[in-house]
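Next come the chains, spelled out residue by residue.
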Amino acid sequence: MTSKKNVYFKKLLFLVVLACCAAALYQFTDVDINFFSFAMRIRGPRLAAMFLASFCVGVASILFQTIINNVIVTPCLLGMNALYVLIHTSVVFLIGSGSKLSVNSPISFVVDLLSMAVVAVLIYGYLFQKAGGNILYILLVGSVLTTLFSSISTTMQRMMDPNEFDQLQNSLIASFERVNADAIWIAVMAILILVVWLWRQFPLLDVLVLGKHQAINLGVDYEKVSRKMLVGVTILIGIATALVGPISFLGLIIANLSRQLFKTYQHRYLTFGAALVGMVILFAGQTLVEQVFHFGANINAFINIGGGAYFLYLLLRGEKQ
Amino acid sequence: MKIQGLKKAYHREVVVDDVSFEIPEGKVLSLIGPNGAGKSTVMNIISRLLPLDDGKILFQGKELHQWKRQELAKKLAILTQSNHIAMKLSVWDLVAFGRFPYSGNHLTVEDTKMIQQAIDYMELGDLAHKFIDELSGGQRQRAYIAMVIAQDTDYVLLDEPTNNLDIYHATNMMKMVRRLCDELNKTVVLVLHDINYAAFYSDYICAFVDGKIAKFGTVEEVMNKKTLSDIYHVEFEIMNVANKPLSVYY
């Protein structure tokens, strides 16, 4: 057993080194030494945002897959992306793109985060209890909400002034280029609070892998643990989305890469693995966007193309098994 | 374990109605009955998978819901048919989960010994490092039983353990149930569809009809022409095979 543990640690260490290299690559490629501190001030927050986004999306995806007991679901299904689009569309539609709420500032971040937290607690906390712990019901609610939010957003976007719409489009695509430092500190605080709140549930996660009945058999309060975890996942995805835009599709890729790499059920390896894989992808991807494409392409496009292809691969592989 | 006045209804439709019985310690008890008679519902309630509407379940002198979950998990093991695992998990890992109520995620030397014993008892040594999703149905069932053995409980509740198994594996499963009782001194309660398995391998039978107990007694008391015909509404003949009353229905 200890040899297995060593292998896991070696793999984690390898990922840490890889992520550090990718981070250094991003941070120090093509820096004019005369403007060193200026470049760091620009790239620093972006690096931090990518770090936090990978952490949130990676951990949330692994937890979500465990709660649903399915390895090809993504927390996109919770409707946080659509809610983000709805919030931003409503703000621009109702008070205009020049308003304080709309220009990128910590206020906008806090508004996003609070709305998502409210939805997480109200819908996923309360409804889950009402549904008697039926997880498929939650997925259904998530997809209905996604459709509802998107329809409202689309309606507003159609009625909007074209210039305003143009402004809006900017904030609806995931990007690390407009992150600001204050938002990052708020995000760090939010993540810390969440981790403290969920701390006692983490050791129970491995048991959830066995499914509801076996978890109950082994003395785990299945409903309470999965309800808390579900709310936690929603808020984590909310933090990442509020920070950089709709990005949760990344979760499918990194969660499954982590599963392929570690081939275990143990969450302490899977979650950190997913977060680290996410960092490697984002750091390297953003370096490409900035150095090779000179901002001509958006990292989101790469994530969606790569993610789509990988999803198909997972489906086809699953069919073979 | 004493069950008193158990009631359960879904939207006013009563599925379990005033059911009371006592589970005999150290014996094998089979719950039988036609579809929809409430046997599985009763099983799910005493397995704490379903909440009850009315009644009491006393387990070792204390009401079931007053037990601490972790303590109960050391006394009472359940095994149902919905055991889909989507993740990579080896047989050894699965059996090791049986020790979770005792040691959480950190196995002690004692735990490791118990896990190995359970694996040896179920003759899973060769398969210990295979992943669960690579096993056949019969092997998987054995792995789960090994986990229950590692859990080291006084009571074992099995919900239709012979479902989806062929004659060979189902019969071996029933022999295993007998060994759990005779060799490991466990009280075993199981829901069965096949009344002959119930007749051959259990000590007591509890037959349900329409949410009520139609007959509770030793195998000999339940396995007679009249009782079975009343329960299932088909013709029965009872034959004596290997000193056990087995039935033929037509």
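Residues numbered from 1 in each chain as written. Chains lettered and ligands numbered in written order. Predicted model: local features only at pLDDT ≥ 70, side-chain atom pairs only at ≥ 80, totals over all residues. Heavy atoms only, no water.

A closer look at the sheet that holds strand β9 (residues 204–209) of chain B
All names here are of chain B.
Inference 1: An order of β6-β7-β8-β3-β9-β10 is seen for the 6 strands of this open sheet, with the pairing classed as mixed. Sheet topology places β6 (76–79) and β10 (212–218) at the edges, where each strand pairs with a single neighbour. On average, adjacent strands in this sheet sit at an angle of 15° to one another, irrespective of strand direction.
Inference 2: The sheet contact formed by strand β3 (residues 28–32) and β9 spans 4 bridges and is parallel. Bridge assignment links L31 to a residue of β9, and that residue is C206.
Inference 3: In the packing of helix α7 (residues 167–182) onto the sheet, contacts are made with β3, β7 (155–159) and β8 (187–191), and the angle to β8 comes to roughly 150°.
Inference 4: Its contacts with the sheet put helix α10 (residues 225–232) on β3, β9 and β10, and the angle it makes with β9 is roughly 35°. (Pairing = 2+ DSSP bridges. Helix = DSSP H or I, 4+ residues; strand = E, 2+ residues; numbered from the N terminus. Axes fitted to C-alpha atoms, helices over the stretch in contact; angles between N-to-C directions. Contact = heavy atoms within 4.5 Å.)

Digging into the sheet that holds strand β4 (residues 54–59) of chain B
All names here are of chain B.
Inference 1: With antiparallel pairing, the 4 strands of this open sheet are ordered in space as β2-β1-β4-β5. Lying at the two open borders of the sheet, with one neighbouring strand each, are β2 (13–22) and β5 (62–63).
Inference 2: Here 2 bridges tie β4 to β5, and the two strands are oriented antiparallel to one another. Opposite F59, over in β5, you have K62 as the bridge partner.
Inference 3: Contacts from helix α1 (residues 39–46) reach β1 (2–10), β2 and β4, with the element oriented near 115° to β1.

A closer look at a negative patch on the surface
Inference 1: On the surface, a cluster of negative charge is made up of E22, E25, D152 and D154 of chain B.
Inference 2: Looking at where E22 of chain B falls in the secondary structure, it is placed in strand β2. (Patch = residues over 30% accessible without salt bridge, like charges linked within 9 Å, V, L, I, M, F, W, Y side chains within 5 Å. Areas by Shrake-Rupley, 256 points an atom, 1.4 Å probe, with all protein chains shown as cover. Salt bridge = Lys/Arg side-chain N within 4 Å of Asp/Glu carboxyl O. Lys, Arg positive; Asp, Glu negative; His and termini not counted. Charge placed at Lys NZ, Arg CZ, Asp CG, Glu CD.)

Observations concerning the pattern of salt bridges
Inference 1: For the structure shown, the criterion picks out 12 salt bridges over all chains.
Inference 2: Across the pair D221 of chain A and R69 of chain B runs a salt bridge, and its minimum N-O distance is 3.4 Å. With D221 of chain A in the loop between α9 (212–217) and α10 (222–244) and R69 of chain B in helix α2 (residues 69–73), this residue pair bridges two chains.
Inference 3: You can call R69 of chain B partly exposed: its relative accessible area is 41%.
Inference 4: One salt-bridge network, held together by shared partners, links R178, D182 and D203 of chain B. (Buried < 20%, exposed > 50% of the residue type's maximum accessible area, 1.4 Å probe, protein only.)

What about helix α2 (residues 36–68) of chain A?
All names here are of chain A.
Inference 1: Look at α2: 47 Å from first C-alpha to last across 33 residues, which is about the 48 Å you get at 1.5 Å a residue.
Inference 2: Helix geometry: α2 is bent most strongly at R43, by close to 30°, with proline P45 lying one to four residues after it.
Inference 3: Of the residues one or two after α2, N69 is the one with positive phi, at around 60°. (Expected span 1.5 Å × (residues − 1). Bend = angle between axes of the 7 residues up to and from the residue.)

Some words on the confidence of the model for chain A
Inference 1: Overall, the predicted model of chain A reaches an average pLDDT of 87, with 98% of residues at or above 70.
Inference 2: Least confident of the elements in chain A is helix α13 (residues 299–320) of chain A, whose mean pLDDT is 81; most confident is helix α12 (residues 267–292) of chain A, at 92. (pLDDT = per-residue confidence, 0-100.)

Side note on the packing of aromatic side chains
Inference 1: Scanning all chains against the criterion turns up 18 aromatic pairs over all chains.
Inference 2: For the pair F21 of chain B and F208 of chain B, a centre-to-centre distance of 6.4 Å together with 75° between the ring planes defines the contact as edge-to-face. Here the residue F21 of chain B occupies a position in strand β2, and F208 of chain B occupies one in strand β9, the gap between them amounting to 187 residues.
Inference 3: With a relative accessible area of 7%, F21 of chain B lands in the buried category.
Inference 4: With relative accessibility at 0%, the residue F208 of chain B sits in the buried group.
Inference 5: Between F236 of chain B and Y249 of chain B, the ring centres sit 5.6 Å apart and the planes meet at 55°, which makes this aromatic pair tilted. Of the two residues, F236 of chain B is situated in strand β11 (residues 236–241) and Y249 of chain B in strand β12 (residues 244–249); the sequence distance between them amounts to 13 residues.
Inference 6: An aromatic cluster of at least three residues, connected via ring pairs, comprises Y8, F9, F262 and Y269 of chain A. (Phe/Tyr/Trp six-rings, centres within 6.5 Å; stacked < 30°, edge-to-face > 60°.)

Section: the interface of chain B and chain A
Inference 1: Counting from both sides, the interface comprises 32 residues of chain B and, opposite them, 26 residues of chain A.
Inference 2: Of the roughly 2,500 Å² buried at the junction of chain B and chain A (both faces included), carbon and sulfur atoms supply 61%.
Inference 3: Looking at the side of chain B facing chain A, the largest losses of area belong to R69, M87 and F97 of chain B, adding up to 25% of the total buried there.
Inference 4: Across the contact surface, chain B and chain A share 1 salt bridge.
Inference 5: The interface formed by chain B and chain A contains 8 residue pairs in polar contact (both at pLDDT 80 or more).
Inference 6: When residues of the side of chain B that touches chain A are traced back to their parent elements, those giving at least two are α2, β6, α3 (91–97), α4 (100–103) and α6 (137–151) of chain B.
Inference 7: Split into classes, the residues belonging to the side of chain B that touches chain A amount to 18 nonpolar, 10 polar and 4 charged. (Buried area = accessible area lost by both parts, 1.4 Å probe. Polar contact = N/O pair within 3.5 Å; in protein donor to acceptor, adjacent residues only side chain to side chain. Nonpolar A, V, L, I, M, F, W, Y, C, P; charged D, E, K, R; others polar.)

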